[in-house]
Amino acid sequence: MGILRTRTTSAAVRIQVSRTGRPALQSPIKAPRIKPASLPIDLSRDLPLDQILVGDCIAAIERLPAASVDLVFADPPYNLQLGGDLRRPDDSLVDAVDDDWDKFSSFAEYDAFTRAWLAACRRVLKPDGALWVIGSYHNIFRVGSILQDLGFWMLNDIVWRKANPMPNFRGRRFTNAHETLIWAARGEGSKYTFHYEALKGGNDDLQMRSDWYLPLCTGEERLKDDAGAKVHPTQKPEALLARVMLSASNPGDVILDPFFGTGTTGAVAKALGRHFIGCERDPGYAKAAAQRIAAVTPLPPEAFATAPSKRSEPRVPFLSLVEAGLVKAGEIVTDEKRRHKAVIRADGTLLLDPAVGSIHKVGALAQGLPSCNGWTFWHVERAGGLMLLDVLRAEIRVQMAAA
Ligand SMILES: C[S@@+](CC[C@H](N)C(=O)[O-])C[C@H]1O[C@@H](n2cnc3c(N)ncnc32)[C@H](O)[C@@H]1O
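All of these numbers come straight from a predicted model, not from anything done at the bench.

## Side note on the site of the ligand
By nearness alone, 22 residues border the ligand, and Asp75, His232, Thr262, Thr264 and Glu280 come closest of all. Take Arg281: an N or O atom from its main chain is 3.2 Å from a nitrogen atom of the ligand. For the ligand, the protein covers 98% of the area, taking 600 Å² as the surface of the free molecule. Looking at side-chain class alone, the shell around the ligand contains 10 nonpolar, 7 polar and 5 charged residues.

## Quick notes on the packing of aromatic side chains
Per the stated rule, a full pass over the model turns up 13 aromatic pairs. For the ring pair Trp132 and Trp183, a centre distance of 5.4 Å and an interplane angle of 20° mean the geometry is stacked. Highlighted residues: Trp132 in strand β4 (residues 125-135) and Trp183 in strand β6 (residues 178-185), separated in sequence by 51 residues. The buried category is assigned to Trp183, whose relative accessible area is 4%. Put simply, the rings of Trp132, Trp183, Tyr192, Phe194, Tyr196 and Trp212 pair up and form one aromatic cluster.

## Overview of helix α7 (residues 283-294)
Under the 1.5 Å per step criterion, the end-to-end length of α7 is 16 Å for 12 residues, consistent within 8% with the ideal 16 Å. Along α7, the residues classified as buried are Tyr285, Ala286, Ala288, Ala289, Ala290, Arg292, Ile293 and Ala294. Measuring from the backbone nitrogen of Gly284 back to the side-chain oxygen at the start of α7 gives 2.7 Å, which picks out Asp282 as the cap.

## Overview of the pairing of strand β5 (residues 153-162)
Of the strand pairs in this sheet, β5 and β6 are connected by 8 bridges, and their pairing is antiparallel. By the bridge assignment, Trp153 is partnered in β6 with Ala185. Pairing analysis gives 4 bridges linking β5 to strand β7 (residues 211-214), with the strands arranged parallel. Looking at β7, one finds that Val159 is bridged to Asp211.

## Section: the nonpolar core
Note on soluble globular proteins: their nonpolar side chains tend to be buried together. Within the largest apolar cluster, 34 residues are counted, with the highest numbers of intra-cluster contacts made by Ile52, Trp132 and Leu181. At 6 residues, the largest contribution of residues to this core is made by helix α5 (residues 238-248). Membership of the second largest hydrophobic core comes to 32 residues, among which are Leu131, Phe152, Val254 and Leu256.

## A few points about the environment of Thr6
Within the secondary structure, Thr6 is located in the segment before β1 (14-17). Judged by relative accessible area, which is 37%, Thr6 ranks as partly exposed. Considering only alpha carbons, one finds Thr6 and Ala295, 289 residues apart in sequence, at a separation of 4.8 Å. Those residues in contact with Thr6 that sit more than four places away from it in its chain are Ala294, Ala295 and Thr297.

## Looking at the pattern of salt bridges
Applying the stated criterion to the full structure yields 10 salt bridges. Residue Lys126 pairs with Asp70 through a salt bridge whose shortest N-O separation is 2.9 Å. Of this pair, Lys126 sits in strand β4 while Asp70 is found in strand β3 (residues 69-74), placing the two residues 56 residues apart along the sequence. A salt bridge links Arg345 to Asp347, with the shortest nitrogen-to-oxygen separation between them at 3.1 Å.

## Some points on unusual backbone geometry
Following Asp353, the chain continues into Pro354 via a peptide bond in cis, with omega recorded as 5°. Position of Pro354 relative to the elements: it lies in the loop between β12 (350-352) and β13 (355-357). In this structure, Asn79 is a non-glycine residue whose phi angle is positive, near 55°. In this fold, Asn79 is placed in the loop between β3 and α2 (107-124). The residue Arg338 is not glycine, and still its phi comes out positive at about 55°. Assignment of secondary structure puts Arg338 in the loop between β10 (332-334) and β11 (341-344). For Arg338, a relative accessible area of 40% gives the class partly exposed.

## Let's talk about the packing of helix α6 (residues 264-271) against α7
Two numbers describe how α6 lies on α7: the axes approach to 9 Å, and their chain directions differ by 15°. With respect to their mutual orientation, α6 and α7 come out roughly parallel. In terms of crossing hand, the pair formed by α6 and α7 is right-handed. Along the contact surface, α6 presents Thr264, Gly266, Ala267 and Lys270, while α7 presents Arg292, Ile293 and Ala294.

The rules behind these values
Residues numbered from 1 in each chain as written. Predicted model: local features only at pLDDT ≥ 70, side-chain atom pairs only at ≥ 80, totals over all residues. Heavy atoms only, no water. Near = heavy atom within 4 Å. Polar contact = N/O pair within 3.5 Å; in protein donor to acceptor, adjacent residues only side chain to side chain. Areas by Shrake-Rupley, 256 points an atom, 1.4 Å probe, with all protein chains shown as cover. Nonpolar A, V, L, I, M, F, W, Y, C, P; charged D, E, K, R; others polar. Phe/Tyr/Trp six-rings, centres within 6.5 Å; stacked < 30°, edge-to-face > 60°. Helix = DSSP H or I, 4+ residues; strand = E, 2+ residues; numbered from the N terminus. Buried < 20%, exposed > 50% of the residue type's maximum accessible area, 1.4 Å probe, protein only. Expected span 1.5 Å × (residues − 1). Pairing = 2+ DSSP bridges. Core = buried A, V, L, I, M, F, W, Y, C linked by side-chain atoms within 4.5 Å. Contact = heavy atoms within 4.5 Å. Salt bridge = Lys/Arg side-chain N within 4 Å of Asp/Glu carboxyl O. Axes fitted to C-alpha atoms, helices over the stretch in contact; angles between N-to-C directions. Parallel < 35°, antiparallel > 145°, perpendicular 65-115°, else oblique. Left-handed = near helix turned anticlockwise from the far one by under 90°.

And the structure:
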């Protein structure tokens, strides 16, 4: 996703620092400065919107109000368990994830940590909220099993297929070319957000699939220090976060990222008119994130407003078209290739001699299929061409909206 950035860092991204694991308030600061705490804040009442809480995420999230967050996006430690340096065939060192934040003494320690942050996130999620977590083969199966144990309800696992993966230098395994994202609702009955129609619209009118082909974060988007080195080893691409937010959140929603790193979630949330709350234990990463987010220019609302889905539009019975005079009793409906023909009856059913039924039932019968959407199958002759019933239904909806 192309995010507009300015070179200034004037926007008020707030950072709260906790040396003890308990985040404390800072007065709003101009990014990227991190100041010592000055005022206490009751996080259980005041949601720290568009702020970065510096410290341990579990302690910070436990202080947030219950049921206050719409969506969680988490990119937790991978627990890579690297044994020694990884080198290329020319002996140069691979920039692998060997940071302290990724070190756990055992699977049991990693599992206990995972259970604690997932439970904390579940408490702050609204009943209809959902969680996304990204990981690799090192951790995603453990995370998936724990989140099911905690009561989350699996919706999909998404494969992020990397357009430009790092090769397997030793040639002993397949190229590790993907990461997995789990999308789970807070619970089985959660009415989670999913913008099916919008995603389909952006995908040549084909259902968006669960395999996403996107490049790694490189080029301008990749944060580098003055020496040209990567600021963070695992900065995620903005396009990945944009797809997550556009599919599973609404403008104005609150998105919590417990492992904020360099703030990809915050940068995309700001661009797309969402709020974020970030937790990051490393003040250096938090500072880089604050600087980055401050330079993001939000998109105009019309660029990210969610088009209403067909399901949320008012139901229109076919009889309404007859009653409104948009189609006439006795008129013929036909399919796109004029292979099937049926007669419109005064009661809003169709006759396909000898069968009588709804536009859907008769459409299915004509094709010998178990089901059919009559609105997108049947047409009427208008002005020398065919007009889909769906177009006439849209007219009725416009009239309903104006009434
Ligand atoms: C995989 S990285 C996230 C990268 C991020 N998605 C980005 O695009 O920059 C995980 C981050 O979690 C932070 N972290 C690890 N354990 C943490 C904890 N207990 N509380 C808060 N942050 C933690 C690490 O410092 C690291 O920056």
